[in-house]
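# Structural overview for review
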Amino acid sequence: MNEKTSRRAMLNLPVLKRLFSYFHYNKKLFVGGLAMVIASTFLGVLGNGLLAPVVDAVAVSHDLHAFFFALGQMVIVFTLATISEYYGFLWLAELSQRTIYQLRREMNAHVLSLPVTYFDRTANGKIMSSFTNDVNTLAQTIQQALPQFLLSVVQFTSTIVMMFFLRWQLTLIVLAFLMVLLLIMRIISQKSGKYYRSRQKQIAEINGYIEEMLSAQQVVQLFNRQDAAKAEFNRRSDAVQDASTNAATFGVISFPIMGNLAYVLYALVALVGSFYTMNGVMTIGALTAFMQYTRTVNRPVTMVAQQLNGVLSAIAGAERIFQLMDEPAENMDGAIRLWTDPETQKQYWVRRNTADEATTVGSAIFEQKVPVHGDVRFTDVHFGYDADHPVLKGISLYAKPGQKIALVGSTGAGKTTITNLINRFYEIDDGEITIDGLPLQEIQKEDLRSLLSMVLQETHLFSGTIRENIRFGRLDATDEEVEYAAKLANADGFIRRLKDGYDTLISDTDEELSQGKRQLLAIARAAVADPVILILDEATSSVDTHTEKLIAEGMDQLMQGRTTFVIAHRLSTVRNADAIMVLEDGRIVERGDHEDLMRQKGRYYRLNKGLEELA
Ligand SMILES: Nc1ncnc2c1ncn2[C@@H]1O[C@H](COP(=O)(O)OP(=O)(O)OP(=O)(O)O)[C@@H](O)[C@H]1O
Ligand SMILES: [Mg+2]
């Protein structure tokens, strides 16, 4: 980032405006906090000015009464300054925390509403760093830089005004000197800014590296790569150290330079000022007050310059946060919705004939009312995750209500992709998918997904009890329903043998639970939702034969009366399917039931006879 772009970042008005709009929620804190900070600064400057009558009362008029009066005034002013400073910073800290709280909640809600495609193209680490780094820098800035900036401006202007009143000729000298100071600060901040940004970049990189190493820790150990990993870490760590040292050097250098220049100015003012005093145009008290102002006037200038880099990176962070929040949420709208007949409890697809849902659904006036059966049809479906790489090339298939359709094929053939289209994680490029004869893309997504259950290829468990993990499939399931689902999935047996049964605490990184047991839990989770359409993406990882048998039986029980898609890596799982689709490179190359396919003596036959392997 060169100087031009950094200035543009500072003037990124839309981002600033949007940030300020968050203070709207806490107007009282914002206005009150700023008012208090301004008041305290102003009172502080005024207090210094009261030094003049105090000193003059002793040195010039020798009036003890006037001395105590002026001193009393000074004490009151400084007390008020302290109190308002306390409340100013307290309120702004509270404002900062509330703003961040609001921002985090909105970010989280938004991330949860984003479509799967967003996570395909965005590294998790990047999203994480917005939640942590960017939010923290912003909080720091609102809490510290904002009041300090304001304080500096008020302090500077009011000090200069007071100085003008005391002796404007002397003030001109001070201003000229400050110009020089500002010029030096600018040079320093430009240099340090470069190192500061390089440090941020190096830190982000080393964080990414640590994350990668931790997640690959087993592989590192297995291949004895600890030394290489150590060396790589050290290399990156050196880079961070270099950048940080450089940044710090330039940051620290400003203190002695500013400090020494301030003494020169002080001496200069004392010299010229004492001539004025000797000539009688300035009292000793006025000179004392002026000297006091000279001592403090460079502080706000230094302070603003030092805060600048922090403020710039906070604005850059805010920009990233807002970018995340501007990502279009997944469009959940759909003209076709589910409707449960209150009398028969049967479910129907209904197409609203007006935009007013309340009246139409409530009074059941629909254009179309189709009973939910779970009939799924693909007609010449084409799809690719990106435009250049078609993955499905004209898939046609159907699953009648209650049928079991199996998909087999090499890795990367497009099996998981087919199921990702049924739940509308992605939209098809060409062709048509219908459910119960209705076009899939017109069905409201939430309703669609409420009828579907999926056992994903990779099981994800959450930190919590076994019971909570199963209940994730349907949050209002009773304990009995959870246990019934577990029995159906053949998971009940092993769960009861665990230390605390259904209340055993588990987590996603838990090594205790084998892959097979995790799958059983995932199947139980799908079962508790009691879906009309079931999708089972069999895990590729191998499972011991006993568990494999348990899984197969669990799946079979679960499939009863539901339209099921099974993606099988073990051919034993698919033998009893109503139809088996052999998929290769995005096309269905063979279809039929087990007997048909064996008779055809094609790929399925060869796979079964062990003449070929699924690659
Ligand atoms: N989210 C994604 N973004 C881009 N490409 C993807 C994505 N998911 C899968 N692909 C690609 O689409 C193709 C089909 O993948 P898919 O996961 O459907 O295969 P699969 O048949 O399920 O394989 P496996 O047996 O290994 O599970 C592959 O070439 C894969 O690289
Ligand atoms: Mg797959």
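I will try to describe carefully the structure that is included in this document. (Residues numbered from 1 in each chain as written. Chains lettered and ligands numbered in written order. Predicted model: local features only at pLDDT ≥ 70, side-chain atom pairs only at ≥ 80, totals over all residues. Heavy atoms only, no water.)

## Here we look at the nonpolar core
- Formed by 38 residues in total, the largest nonpolar core has its most connected members in Trp 349, Phe 378, Ile 395, Leu 397 and Phe 565.
- The residues touching Phe 565, leaving out its near neighbours within four places in the chain, are Val 376, Leu 397, Ala 399, Ile 405, Ile 422, Ile 533, Leu 534, Ile 535 and Leu 536.
- The next biggest cluster of nonpolar side chains, apart from the first, holds 32 residues, and it includes Ala 486, Phe 494, Met 555 and Met 559. (Core = buried A, V, L, I, M, F, W, Y, C linked by side-chain atoms within 4.5 Å. Buried < 20%, exposed > 50% of the residue type's maximum accessible area, 1.4 Å probe, protein only. Contact = heavy atoms within 4.5 Å.)

## Section: the coordination of the magnesium ion (ligand 2)
- Coordination of the magnesium ion (ligand 2) by the protein comes from Thr 416 (OG1) and Gln 457 (OE1), over a distance range of 1.9 to 2.4 Å. Of this pair, Thr 416 sits in helix 12 (residues 415-422) while Gln 457 sits in the loop between strand 9 (452-455) and strand 10 (464-465), and the two are 41 residues apart along the sequence.
- The partly exposed category is assigned to Thr 416, whose relative accessible area is 29%. (Donors = N, O, S within 2.8 Å, 3.2 Å for Na, K, Ca; no water. Helix = DSSP H or I, 4+ residues; strand = E, 2+ residues; numbered from the N terminus.)

## Examining the sheet that holds strand 7 (residues 430-435)
- The antiparallel open sheet is built from four strands, whose spatial order is 5-4-7-8. Two strands lie at the open edges of the sheet, namely strand 5 (392-399) and strand 8 (438-439), each paired on one side alone.
- Where strand 4 (residues 376-383) lies against strand 5, six bridges are found, and the strand directions are antiparallel. When the bridges of strand 5 are listed, Val 376 appears paired with Ala 399.
- The sheet contacts of helix 12 involve strand 4, strand 5 and strand 7, and relative to strand 4 the element is tilted by about 115°. (Pairing = 2+ DSSP bridges. Axes fitted to C-alpha atoms, helices over the stretch in contact; angles between N-to-C directions.)

## Quick word on the site of ligand 1
- In the region of ligand 1, 14 residues are neighbours, and Thr 411, Lys 415, Thr 416, Thr 417 and Gln 457 sit closest.
- Here Thr 411 contributes a side-chain N or O atom positioned 2.4 Å from an oxygen atom of ligand 1.
- Thr 417 is positioned such that a nitrogen or oxygen atom in its side chain is 2.4 Å from an oxygen atom of ligand 1.
- Isolated, ligand 1 exposes 630 Å² of accessible area, and the fraction of that covered by the protein chains is 65%.
- Looking at the shell around ligand 1, the element that brings in the most residues is helix 12, giving three residues. (Near = heavy atom within 4 Å. Polar contact = N/O pair within 3.5 Å; in protein donor to acceptor, adjacent residues only side chain to side chain. Areas by Shrake-Rupley, 256 points an atom, 1.4 Å probe, with all protein chains shown as cover.)

## With respect to the packing of aromatic side chains
- All told, the structure shown has 13 aromatic pairs when counted by the stated rule.
- Taken together, a centroid distance of 4.7 Å and an interplanar angle of 25° make the contact between Phe 23 and Phe 30 stacked. This pair shows no difference in class: Phe 23 is buried, exactly as Phe 30 is.
- Connected via pairs of aromatic rings, a cluster forms that spans Phe 20, Phe 23 and Phe 30.
- Over the face of the ring belonging to Tyr 276 we find Arg 167, whose NZ or CZ atom lies 4.4 Å from the ring centre.
- A cation sits over an aromatic face here: Lys 369 above Tyr 348, 4.8 Å from the ring centre. (Phe/Tyr/Trp six-rings, centres within 6.5 Å; stacked < 30°, edge-to-face > 60°. Lys NZ or Arg CZ within 6 Å of the ring centre and 35° of its normal.)

## A closer look at unusual backbone geometry
- A positive phi angle, close to 45°, is found at Asp 380, a residue other than glycine.
- Positionally, Asp 380 belongs in strand 4.
- Take Asp 380: its relative accessible area is 40%, and that puts it in the partly exposed class.
- For Arg 424, which is not glycine, the phi torsion reads 60° and is therefore positive.
- Position of Arg 424 among the secondary structure elements: in the loop between helix 12 and strand 7.

## So, the sheet that holds strand 14 (residues 579-584)
- What the six strands build is an open sheet, ordered 9-12-13-6-14-15; its pairing is mixed. Edge strands, defined here as strands with exactly one partner in the open sheet, are strand 9 and strand 15 (587-592). Pairs of neighbouring strands in the sheet enclose a mean axial angle of 15°, with direction left out of account.
- Across the face of the sheet, helix 17 (residues 515-528) comes into contact with strand 9 and strand 12 (533-537) while running at roughly 180° to strand 9.

## Considerations on the packing of helix 17 against helix 18 (residues 545-559)
- Viewed as axis vectors pointing N to C, helix 17 and helix 18 meet at an angle of 10°, and their least axial separation amounts to 10 Å. Relative to helix 18, the element helix 17 lies roughly parallel. On the side of helix 17, the interface is formed by Gly 516, Lys 517, Gln 519, Leu 520, Ile 523 and Ala 527, while helix 18 contributes Thr 547, Leu 550, Ile 551, Met 555 and Leu 558.
- The class makeup of the residues in the contact of helix 17 with helix 18 is seven nonpolar, three polar and one charged. (Parallel < 35°, antiparallel > 145°, perpendicular 65-115°, else oblique. Nonpolar A, V, L, I, M, F, W, Y, C, P; charged D, E, K, R; others polar.)

## Section: the pattern of salt bridges
- Scanning the model with the defined rule gives 27 salt bridges in all.
- In this structure, Arg 18 engages Asp 326 in a salt bridge whose closest nitrogen and oxygen atoms are separated by 3.0 Å. Here Arg 18 is found in helix 2 (residues 13-21), whereas its partner Asp 326 is found in helix 10 (residues 284-326), with 308 residues between them in sequence.
- Judged by its relative accessible area of 28%, Arg 18 is partly exposed.
- For the salt bridge of Glu 330 with Arg 449, the shortest nitrogen-to-oxygen distance reads 3.0 Å. Of this pair, Glu 330 sits in the loop between helix 10 and strand 1 (336-340) while Arg 449 is found in helix 13 (residues 445-451), placing the two residues 119 residues apart along the sequence.
- On the basis of relative accessible area, Arg 449 is assigned to the partly exposed category, the value being 24%.
- One network of salt bridges, in which partners are shared, links Arg 467, Arg 471, Asp 479, Glu 483, Asp 492, Arg 496 and Asp 503. (Salt bridge = Lys/Arg side-chain N within 4 Å of Asp/Glu carboxyl O.)

## Topic: a nonpolar patch on the surface
- The grouping of Ile 76, Leu 80, Ile 83, Tyr 86, Tyr 87 and Leu 90 at the surface amounts to a nonpolar patch, some 580 Å² of accessible area in total.
- Residue placement: Leu 90 occurs in helix 5 (residues 64-113). (Patch = residues over 30% accessible without salt bridge, like charges linked within 9 Å, V, L, I, M, F, W, Y side chains within 5 Å.)

## A closer look at the environment of Val 589
- Residue position: Val 589 is located in strand 15.
- The exposure class assigned to Val 589 is partly exposed, which follows from its relative accessible area of 45%.
- Sequence separation between Val 589 and Tyr 604 is 15 residues; the distance between their C-alpha atoms is 9.8 Å.
- Discounting residues that sit within four places of it in the chain, Val 589 has contacts with Val 582 and Glu 584.

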